[in-house]
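# Reading the structure
For reference, the chains in residue letters:
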Amino acid sequence: MTPHDLAHALEAVELALDFDHPADARLSAFFRHHPKLGGRERAFIAEAVYGVLRHLRGLQAVAAPATPRRLLLAWLARHGGINLRQFEGLVKDDELAWLKTVKAADLSNQPEAVRLELPDWLYQRLQPRHGEHLPELAAALSRPAPLDLRVNTQKMSRDAVLKMFAAEGLAAAPTPYSPLGIRMRGKPALQKHPLFLEGGVEVQDEGSQLLGLLLAPRRGEMVCDFCAGAGGKTLLLGALMANSGRLYAYDVSEKRLANLKPRLARSGLSNVHPQLIAHERDPKIKRLAGKFDRVLVDAPCSGLGTLRRNPDLKWRQSPESVAELTAKQAAILESAARLTKAGGRLVYATCSLLEEENEAIVQAFLAAHPDYALIPMREALAAQNIALEMDDYLRLDPALHDTDGFFAAVLERRT
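What counts, and at which threshold
- Residues numbered from 1 in each chain as written.
- Predicted model: local features only at pLDDT ≥ 70, side-chain atom pairs only at ≥ 80, totals over all residues.
- Heavy atoms only, no water.
- Helix = DSSP H or I, 4+ residues; strand = E, 2+ residues; numbered from the N terminus.
- Rg over C-alpha atoms; globule rule 2.2 N^0.38 Å.
- Buried < 20%, exposed > 50% of the residue type's maximum accessible area, 1.4 Å probe, protein only.
- Contact = heavy atoms within 4.5 Å.
- Areas by Shrake-Rupley, 256 points an atom, 1.4 Å probe, with all protein chains shown as cover.
- Lys, Arg positive; Asp, Glu negative; His and termini not counted.
- Charge placed at Lys NZ, Arg CZ, Asp CG, Glu CD.
- Pairing = 2+ DSSP bridges.
- Axes fitted to C-alpha atoms, helices over the stretch in contact; angles between N-to-C directions.
- Phe/Tyr/Trp six-rings, centres within 6.5 Å; stacked < 30°, edge-to-face > 60°.
- Lys NZ or Arg CZ within 6 Å of the ring centre and 35° of its normal.
- Arc of directions from axis to C-beta.
- Expected span 1.5 Å × (residues − 1).
- Parallel < 35°, antiparallel > 145°, perpendicular 65-115°, else oblique.
- Left-handed = near helix turned anticlockwise from the far one by under 90°.
- Nonpolar A, V, L, I, M, F, W, Y, C, P; charged D, E, K, R; others polar.

Bringing the overall build of the protein chain into the picture now. Counting its secondary structure elements, the protein chain contains 21 helices and twelve strands. Taken over the C-alpha trace, the protein chain has a radius of gyration of 23 Å; the compact-globule value for 415 residues is 22 Å, and the two agree within 12%. The principal-axis extents of the C-alpha atoms in the protein chain amount to approximately 75 × 50 × 40 Å. Considering the protein chain as a whole, with its 415 residues, one finds that 55% of them fall into the buried category. Intrachain contacts of the protein chain at a sequence separation of at least 6 include 70% that bridge at least 24 residues. Of the accessible surface of the protein chain, which amounts to about 18,400 Å², a share of 52% is contributed by carbon and sulfur atoms. Within the protein chain, the 50 negative side-chain charges are centred at a point lying 5 Å from the centre of the 53 positive side-chain charges.

Moving on: the sheet that holds strand S2 (residues 172-174). Taken in spatial order, the four strands line up as S2-S3-S1-S4 in an open sheet, and their pairing is antiparallel. Looking along the sheet, the strands with just one partner apiece sit at the ends: S2 and strand S4 (201-203). On average, adjacent strands in this sheet sit at an angle of 30 degrees to one another, irrespective of strand direction. Direction of pairing for strand S1 (residues 147-151) relative to strand S3 (residues 181-184): antiparallel, over a ladder of four bridges. Looking across to S3, one finds that Leu149 is bridged to Ile182.

On to the packing of aromatic side chains, then. Scanning the model with the defined rule gives seven aromatic pairs in all. Ring geometry for Tyr248 against Phe292: centres 5.5 Å apart, planes inclined by 85 degrees, an arrangement best described as edge-to-face. Here Tyr248, found in strand S6 (residues 246-251), pairs with Phe292, found in strand S8 (residues 292-298); they are 44 residues apart in sequence, far enough to count as distant. The same class applies to Tyr248 and to Phe292, which are both buried. Both rings, one in Tyr348 and one in Phe407, keep their centres 6.5 Å apart while their planes meet at 65 degrees; by these two values the pair is edge-to-face. With Tyr348 in strand S9 (residues 340-350) and Phe407 in strand S12 (residues 407-413), this pair connects stretches of sequence that are 59 residues apart. Overall, the relative accessible area of 0% leaves Tyr348 in the buried class. In textbook terms, an aromatic cluster arises when at least three aromatic residues are bridged by ring pairs, as seen for Phe226, Tyr248, Tyr250 and Phe292. The ring of Phe196 is capped by Arg266, whose NZ or CZ atom sits 4.4 Å from the centre of that ring.

Now for helix H19 (residues 359-368). Buried within H19 are the following residues: Glu359, Ile361, Val362 and Phe365. Taken end-on, H19 shows its buried residues confined to a sector of 165 degrees, consistent with a single buried face. Facing away from the buried side of H19, by more than 90 degrees, are the exposed residues Ala367 and Ala368. Considering only its buried residues, H19 is in contact with helix H9 (120-130), helix H18 (319-337), S9, strand S10 (372-375), strand S11 (394-395) and S12.

Right, let's talk about helix H7 (residues 93-104) for a bit. The first and last C-alpha atoms of H7 sit 17 Å apart over twelve residues, in line with the 16 Å expected at 1.5 Å per residue. Among all positions in H7, only Glu95, Leu96, Trp98, Leu99 and Val102 are buried. Projection of H7 onto a plane perpendicular to its axis shows the buried side chains occupying an angular sector of 160 degrees, all on one side. Facing away from the buried side of H7 by over 90 degrees, the exposed positions are Asp93, Asp94, Lys100, Thr101 and Ala104.

This part takes up the packing of helix H5 (residues 68-78) against H7. Packing of H5 against H7 leaves a shortest axis separation of 9 Å and a crossing angle of 55 degrees. As summarised for this structure, H5 and H7 are arranged oblique, according to the angle between their axes. Considering how the two elements wind past one another, H5 and H7 form a crossing that is right-handed. Each of Arg69, Arg70, Leu73, Ala74, Ala77 and Arg78 in H5 lies in contact with H7, whose residues at this interface are Glu95, Trp98, Leu99, Val102 and Lys103. Partitioning the contact of H5 with H7 into residue classes produces six nonpolar, no polar and five charged.

Shown next as structure tokens:
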């Protein structure tokens, strides 16, 4: 660790801690403004930023008054693998003495929310449901996520990709639940790997892959990805359809749909039709009412199931922002449901851990729509040969399943 490393990391941490923008966007902008930073320096800075965000609650307790510099130094000493000798010459003598107390500080007398690195409001939502499992869940949410890939079966088989990686000395294994997934050991840079550049693999969490498999689209069908975003699930659905039929990718963000275009070109799919919509009641949607065999609603949500990747979300979200999201989720599901034909399938999904964004939305929808019925998740999973024990809903738990925290419900339109 050099003085420059410390100075750059502090600058990046200060940017991330304003919480006005996503941490990954702040970090990307920081690296654009410092193009001469090498790979080692970038890795150190990124690890420091995300480390402070993951452990912010505990660091605030031991580093009060919690200035960005004190938070960074405390993270380096407690979690960053820096021993006290390495701080010599980089910090003042009084800071070095303070770091000795920080390194030895005990959080056992702190409230459980502090020990679990959760804001009070989120702890209060999760504790009643998870009880004694919550410490395990919180610990999993504070660990970095593994790197998962999805094989594009239009181009490669999973076995062929695994053999190729093995020949190159890249450690990888099949994911336990998705038949299309590969989990890499470590975080190899694959952006310039021929398999990635040629569309043979895409980066996609195993849990996200399962959502596409639950929609179970078939060749020749009309399928809709209602909140397509940058299109990770869209590409999966297109491959599951064997590049046949028509797959509409709706989104309200022109920028997100623009990000889909290069991925779509790499994938080799020709059955995907990206569509920009103004809102969930756009006239384009009305014209296609009752036309779709399958509709996926991966609804905008708090993202609290993705804290392994986006630890800033636990500090950027609030009860008020969640309440706004639940109103939006109900409206989106209502609108998307009009697209499904009789006998068609509708999958509602989020990457949230909160009941009000998940079961509550689905139950309210079913109460208002007697023409829809819930397909128990155990049946939907068994039909896809996915070895997961679930009841009515998919509830993926980062501690139990080593995926992001996804929720899904499979609905069928009966009339």
